Amino acid sequence: DEFDSAPQEYVRRSHDPMEDFLDPRAAATNLVGDLVKFRRGDVLDKLLKRLAETLNRYEAMRREKEQQQGVVVVDLAAMRAKDGALCALGALSAELSPPNRNSDDDFSDDDNLDLDDDDDDDDDHGLGQGPQKNGGTRTLSSVANNGKKSTSTSTSKKNKKKKKKKGQKTTKTPLVFAEKDATALVNEILSLYVLPEMGRFEAKNGFLRARSCWVVQRYADHLDRLPLERVGAITTASLRALEDPALPVRVEAAGALRQLLQASKDRQLADLLRPSLPQIFDHCFRIMGDVGSDDVVQALEVVIDKFGDEIAPYAVALAQKLAEAFETYAMAADDDDEASMAAAQCVEAMAATLQALDDNQNDIYGQVEPYLVPVLGRIFAAQNGDLLEYFENAVEVLGYLTWGGDAPFSANLWRLFELLIDAFHGWAYDYINDLVPALDNYVSRDTRGFLEGYTSKNQRRVDALLTVADRFLGPNEVVRASERDAVKASYILLAVFHNCPRGSVDDVARTYAKRCADLLPMVAGPPPLDMLKQLGLDREAHELEFQEVSNPAGGCLVAENRFAQSFSNSAAAAAAASRKPWRKNLA
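Cut-off values and rules
- Residues numbered from 1 in each chain as written.
- Predicted model: local features only at pLDDT ≥ 70, side-chain atom pairs only at ≥ 80, totals over all residues.
- Heavy atoms only, no water.
- Helix = DSSP H or I, 4+ residues; strand = E, 2+ residues; numbered from the N terminus.
- Contact = heavy atoms within 4.5 Å.
- Areas by Shrake-Rupley, 256 points an atom, 1.4 Å probe, with all protein chains shown as cover.
- 1 Å grid on protein atoms, 1.4 Å probe; cavity = no way out; pocket = protein on both sides within 12 Å on 5 of 7 lines; lining within 4 Å.
- Points joined across faces, edges and corners; volume = space filled by probe spheres on them.
- Phe/Tyr/Trp six-rings, centres within 6.5 Å; stacked < 30°, edge-to-face > 60°.
- Buried < 20%, exposed > 50% of the residue type's maximum accessible area, 1.4 Å probe, protein only.
- Polar contact = N/O pair within 3.5 Å; in protein donor to acceptor, adjacent residues only side chain to side chain.
- pLDDT = per-residue confidence, 0-100.
- Core = buried A, V, L, I, M, F, W, Y, C linked by side-chain atoms within 4.5 Å.
- Expected span 1.5 Å × (residues − 1).
- Axes fitted to C-alpha atoms, helices over the stretch in contact; angles between N-to-C directions.
- Parallel < 35°, antiparallel > 145°, perpendicular 65-115°, else oblique.
- Nonpolar A, V, L, I, M, F, W, Y, C, P; charged D, E, K, R; others polar.
- Left-handed = near helix turned anticlockwise from the far one by under 90°.
- Salt bridge = Lys/Arg side-chain N within 4 Å of Asp/Glu carboxyl O.

Asker: Sorry if this is basic, but what is going on with the overall build of the protein chain here?
Answerer: When its secondary structure is counted, the protein chain shows 29 helices and 0 strands. A separation threshold of at least 6 residues defines the contact pool for the protein chain, and within that pool the share at least 24 residues apart is 75%. Carbon and sulfur atoms make up 48% of the accessible area of the protein chain, which amounts to about 28800 Å² in all.

Asker: Whenever I open this one, the layout of surface pockets confuses me. Can you help?
Answerer: To find the voids left in a structure, one rolls a probe of water-molecule size over its atoms. As a volume, the largest pocket reaches approximately 1400 Å³. Around the largest pocket sit 45 residues that line it, and Tyr10, Ser14, Asp23, Arg25 and Arg211 are the ones nearest its centre. Breaking the lining of the largest pocket down by element, the ones donating at least two residues are helix H1 (2–5), helix H2 (7–14), helix H3 (24–38), helix H5 (76–91), helix H10 (206–218), helix H12 (247–263), helix H15 (294–306) and helix H17 (337–355). If one sorts the elements of the lining of the largest pocket by residue count, H10 sits on top with 7 residues.

Asker: Can you walk me through the environment of Arg25 in this structure?
Answerer: Looking at where Arg25 falls in the secondary structure, it is placed in helix H3. Taking the C-alpha atoms as reference points, Arg25 and Ala88, 63 residues apart in sequence, are found 9.7 Å from one another. In contact with Arg25, not counting residues within four places along its chain, are Asp83, Cys87 and Arg211.

Asker: Help me understand the packing of aromatic side chains, please; the structure alone is not making it clear to me.
Answerer: Aromatic rings in a pair are described by how distant their centres are and how their planes are angled relative to each other. Scanning all chains against the criterion turns up 13 aromatic pairs. Taking the centre distance of 6.5 Å and the plane angle of 20° together, the rings of Phe281 and Phe285 count as stacked. In this pair, Phe281 and Phe285 both sit in helix H14 (residues 277–290), 4 residues apart, roughly one turn of the helix. The pair formed by Phe281 and Phe285 is uniform in burial state, with each residue classed as buried. With centroids separated by 5.6 Å and ring planes inclined at 70°, the aromatic side chains of Phe380 and Phe391 adopt a geometry described as edge-to-face. Residue Phe380 is found in helix H18 (residues 364–380), and its partner Phe391 is found in helix H19 (residues 391–404); the two are separated by 11 residues along the sequence. Residue classification places Phe380 among the buried residues on the basis of a relative accessible area of 2%. In this structure Phe391 comes out as buried when scored by relative accessible area, which is 0%.

Asker: Any chance you could explain unusual backbone geometry here in plain terms?
Answerer: The phi torsion of most residues other than glycine is negative, and most of the peptide bonds are trans. Cis geometry marks the peptide bond from Ala407 to Pro408; its omega dihedral reads 0°. Relative to the elements of secondary structure, Pro408 occurs in the loop between H19 and helix H20 (411–426). For Asn362, which is not glycine, the phi torsion reads 60° and is therefore positive. Phi angles above zero are rare outside glycine, and Asp363 is one such case at about 50°. With respect to the element layout, Asp363 can be found in the loop between H17 and H18. We classify Asp363 as partly exposed; its relative accessible area is 39%.

Asker: Is there a simple way to think about the side chain of Asp295 in this case?
Answerer: Checked against the element boundaries, Asp295 lands in helix H15. Side-chain polar atoms of Asp295 contact the side chain of His15, separated by 3.2 Å. Apart from the residues lying within four places of it in its own chain, the contact partners of Asp295 are His15, Arg258 and Glu338.

Asker: Where do I start with the confidence of the model for the protein chain in this structure?
Answerer: It should be kept in mind that the predicted coordinates are not to be read in detail where pLDDT is low. Per-residue confidence for the protein chain gives a mean pLDDT of 75; residues scoring 70 or more make up 71%. Scored below 50 in pLDDT, residues 101–136 makes 81 contacts in the model with residues more than four places away or belonging to other chains. This stretch, residues 578–587, has a pLDDT under 50; its non-local contacts, to residues over four places away or in other chains, come to 22 contacts.

Asker: Looking at this structure, I do not really get the environment of Asn433. What am I missing?
Answerer: When you line up the elements, Asn433 lands in helix H21 (residues 432–445). For Asn433, the side chain forms a polar contact with the side chain of Lys488, separated by 3.3 Å.

Asker: Before we go on, may I ask you to explain the nonpolar core in this structure?
Answerer: Note on soluble globular proteins: their nonpolar side chains tend to be buried together. Core analysis: the largest hydrophobic core is formed by 160 residues, its most contacted members being Met288, Phe326, Ile379, Phe380 and Phe391. It is H17 that contributes the most residues to this core, 11 residues altogether. In contact with Met288, not counting residues within four places along its chain, are Val296, Val297, Leu300, Leu322, Ala325, Tyr329 and Cys346.

Asker: Just checking my understanding: could you explain H10 for this structure?
Answerer: In an α-helix, one turn spans 3.6 residues, which is why side chains three or four residues apart end up on the same side. Taking 1.5 Å of rise per residue, the 13 residues of H10 would be expected to cover 18 Å, and the 19 Å separating its terminal C-alpha atoms lies within 8% of that figure. When you tally the buried positions in H10, you get 12 out of 13 residues, the bulk of the element. All of the buried residues along H10 are Gly206, Phe207, Leu208, Arg209, Ala210, Arg211, Ser212, Cys213, Trp214, Val215, Val216 and Gln217.

Asker: Explain H3 here, please?
Answerer: Taking 1.5 Å per residue as the helical rise, H3 with its 15 residues ought to reach 21 Å, and the 21 Å between its terminal C-alpha atoms agrees with that figure. Its side-chain oxygen placed 3.1 Å from the backbone nitrogen of Arg25, Asp23 serves as the N-cap of H3.

Asker: How should I be thinking about the packing of H21 against helix H24 (residues 483–499) in this particular structure?
Answerer: The packing of two helices is summarised by the inter-axis angle and the distance between the axes. Running from N to C, H21 and H24 cross one another at 0°; their axes reach a closest spacing of 10 Å. Here H21 is positioned roughly parallel relative to H24, judged by the angle of their axes. Seen from H21, the contacting residues are Ile432, Asn433, Val436, Leu439, Asp440, Val443 and Ser444; seen from H24, they are Arg484, Asp485, Lys488, Tyr491, Ile492, Ala495, Val496 and Asn499. A class-by-class count of the residues in the contact of H21 with H24 yields 8 nonpolar, 3 polar and 4 charged.

Asker: Can you walk me through the packing of H14 against H15 in this structure?
Answerer: The geometry of H14 relative to H15 is characterised by a closest axis approach of 10 Å and an angle of 155° between their N-to-C directions. Judged by the angle between their axes, H14 and H15 are roughly antiparallel. Between H14 and H15 lies a crossing of left-handed hand. Contacts between H14 and H15 involve Leu277, Ile280, Phe281, Cys284, Phe285, Ile287 and Met288 on the former and, on the latter, Val296, Val297, Leu300, Val303 and Ile304. Here the residues of the contact of H14 with H15 are counted per class, giving 12 nonpolar, no polar and no charged.

Asker: Would you mind showing me how to read the pattern of salt bridges here?
Answerer: If charged atoms from side chains of opposite charge come close, those side chains can pair. Counted according to the given criterion, the structure contains 18 salt bridges. Asp83 is paired through a salt bridge with Arg211; the nearest N and O atoms lie 2.9 Å apart. On the criterion of sequence distance, the pair formed by Asp83 in helix H5 and Arg211 in helix H10 is long-range, its members being 128 residues apart. Since its relative accessible area comes to 6%, Asp83 is described here as buried. Classification of Arg211 as buried rests on a relative accessible area of 14%. When the shortest N-O distance is used, the salt bridge between Asp271 and Arg274 registers 2.8 Å. Judged by its relative accessible area of 26%, Arg274 falls in the partly exposed class. Linked by salt bridges that have partners in common, Arg25, Asp83 and Arg211 make up one network.

Next up, the structure:
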């Protein structure tokens with residue numbers, strides 16, 4: 001059995017979306033969901049009755065074996081039958097959801113209890129139509145104990161038929177669950193058939209424990225409607241499943257925690273999990289060391305997001321473990337899509353960890369930097385964009401490091417500055433929109449290091465940065481650049497001119513003030529003339545043959561083009577950054 005003999009392969013196959021095209025279980029699950037969705041009145045009660053019988057038969061067999069032998073050894077066929085029943089119940093999770101009370105299509109409780117009498121086709125008093133006639137709530141057990149369908153249903157349908165007036169339209173009320181029906185049913189499914197199985201650690205029923213964790217994931221949206229004691233039991237069972245000896249169970253348990261945290265709309269679940277945060281991190285790291293699963297890393301990221309204010313004590317350990325996991329997953333990414341996705345999730349989790357840090361207390365950024373910088377360096381230095389799928393998230397991580405860390409920046413951090421620019425010119429020029437925040441942080445947070453430093457190629461860091469802007473604002477490049485890219489390139493100029501001390505970039509200002517002014521005639525529409533006046537470029541504007549375009553509605557100058565606005569802003573900033581009056585130098 002692959003579950004026991006090759007658990008890593010079992011996890012990979014069970015989480016590979018391509019396997020769904022070949023897996024008969026996936027096809028059967030989809031069929032069950034579609035049958036209930038489109039033939040609800042004919043299928044739902046019968047299906048629930050069959051599932052209840054299967055689950056109850058398993059529990060009865062289990063109790064009998066326990067009483068006779070003292071040791072539970074349930075027949076493998078019965079265990080597989082329960083696995084199929086749980087799989088079918090998981091497929092029904094969407095159909096067992098109560099109506100959304102916040103939507104425009106909600107129905108009142110009266111709509112659920114008293115369906116339209118004219119709709120004789122959908123008038124089966126099934127579980128989907130609210131309470132029973134005796135006032136009780138329909139549950140899985142009650143459906144199983146009903147036996148065959150009552151004949152009074154067809155009689156009542158005939159008696160309820162009314163003659164319609166000619167031309168009168170019939171309004172059909174959709175079959176929906178009353179909230180108490182859905183909540184009671186889900187509560188019973190979890191309490192009787194799912195949670196007990198999650199706590200049974202017999203050697204041969206590991207796949208049932210994994211299936212039970214999967215059912216918890218499917219019904220996570222019901223969490224806020226369940227009683228508090230049931231939420232506590234689900235949380236405790238999921239945490240205990242993280243320690244299960246079977247790897248697939250631990251992976252599904254991590255997925256269950258992720259779904260529960262994402263579905264919870266209040267702090268109730270967070271309060272239950274808070275004391276166990278160190279254990280949750282340890283278990284996730286252990287699972288990540290055993291198998292490359294993006295579901296586990298996603299669970300870790302959700303925990304970080306949910307407990308952002310309390311992550312600081314664990315930030316260094318998180319950075320170390322995520323960096324180690326990334327290296328492991330990235331090496332296997334070429335042959336394993338699951339490992340590739342897990343590596344991407346690791347970089348996202350790094351960004352989530354840094355985002356959760358409010359300040360640089362105890363030099364926390366300096367402590368995590370040695371673990372994160374090698375990961376970013378590997379991504380930026382990859383030849384021909386071999387690690388391009390991680391690039392965007394890696395730039396986000398760099399943005400957090402340069403924003404939150406103390407200046408002056410370390411040599412390793414400045415080395416990333418050079419690698420980032422090289423990557424831009426080599427294969428990442430489409431990512432100018434993502435690069436600007438990190439590059440701006442280098443200029444604004446460590447201005448002295450930016451002005452005085454040199455790259456490994458003996459090029460000033462100022463000149464190296466401006467080559468990024470030249471890629472879009474050069475005389476031959478601007479024609480091919482999109483407006484959005486050119487605007488972002490102009491922000492790089494603004495970062496230099498706004499943050500560098502007056503007079504420190506005179507040579508740059510002299511070049512780019514003239515270049516920005518030269519670019520203005522290429523813009524569709526006139527530039528903002530007020531910015532040109534601030535530059536003292538009235539005569540130059542006339543010489544460059546700027547024409548006034550009248551607004552037919554009001555006779556005003558049109559000055560709404562962001563392209564022109566950015567160029568004019570850059571030119572104005574260049575003039576302000578210098579000691580010299582640029583009106584004379586531009587002539």
